[in-house]
Amino acid sequence: MSTYVKKPDWFTVNVLNRVVAWLTGRGVSVWGSRVLAVRGRKSGQWRTTPVNLLTVDGVQYLVAPRGHVQWTHNMRAAGGGELRLGKNVDVFTATEVADDDKVPLLRAYLKRWKAEVGAFFNGVGPDSPEAELRRIAPDHPVFRITVKP
């Protein structure tokens, strides 16, 4: 398994993520943003982070543009969590997508959010050849989200 991680800088952690989380927490989705809440794999405490919710063919996915970060490890351990938008809370289960199945999802994610996250994909963009997307697939976990009724 890849160990790729692109840590956020001070501005992202202390300003950008907080602003997006604040807006999302008040019901304003910024380009599909949600606040992801997942239980910590060691502490059991809820951990939150803003994420972009991708929908492809009516199916929802979470893509980790920064790689194998804490929320991805927690998601694997917990098997799901909550997606929050204002007062709306969707409880979900998560299934990790195999690397071979990620290419169209990574392409769709980059098509929508390249301006925001393109720097984390090492020069690969939505118009890159399939081989390039396949090459970076192990570096970017993708989870299929199934919202519980």
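Everything here concerns the structure above.
Reading the values: rules and limits
- Residues numbered from 1 in each chain as written.
- Predicted model: local features only at pLDDT ≥ 70, side-chain atom pairs only at ≥ 80, totals over all residues.
- Heavy atoms only, no water.
- Phe/Tyr/Trp six-rings, centres within 6.5 Å; stacked < 30°, edge-to-face > 60°.
- Helix = DSSP H or I, 4+ residues; strand = E, 2+ residues; numbered from the N terminus.
- Buried < 20%, exposed > 50% of the residue type's maximum accessible area, 1.4 Å probe, protein only.
- Lys NZ or Arg CZ within 6 Å of the ring centre and 35° of its normal.

**Points about the packing of aromatic side chains**
Point 1. Applying the stated rule across the entire model yields 3 aromatic pairs.
Point 2. Centre to centre, the rings of tryptophan 71 and phenylalanine 143 are 5.9 Å apart; their planes meet at 50 degrees, and the pair counts as tilted. In this pair, tryptophan 71 sits in helix H2 (residues 70-78) while phenylalanine 143 sits in strand E6 (residues 142-147), placing the two residues 72 residues apart along the sequence. As far as the burial class goes, tryptophan 71 and phenylalanine 143 line up, both buried.
Point 3. Ring geometry for tyrosine 109 versus tryptophan 113: centroids 4.9 Å apart, planes at 50 degrees, classification tilted. Taken together, the residues tyrosine 109 and tryptophan 113, both in helix H3 (residues 103-117) and 4 residues apart, mark about one turn of the helix. Of the two residues, tyrosine 109 and tryptophan 113, neither departs from the other in class, the shared state being buried.
Point 4. Every member of this aromatic cluster is reached through a ring pair, and the members are Tyr109, Trp113 and Phe121.
Point 5. The lysine or arginine in question, arginine 84, covers the ring of tryptophan 46, its NZ or CZ lying 5.7 Å from the ring centre.

The analysis is restricted to geometry; functional conclusions fall outside its scope.
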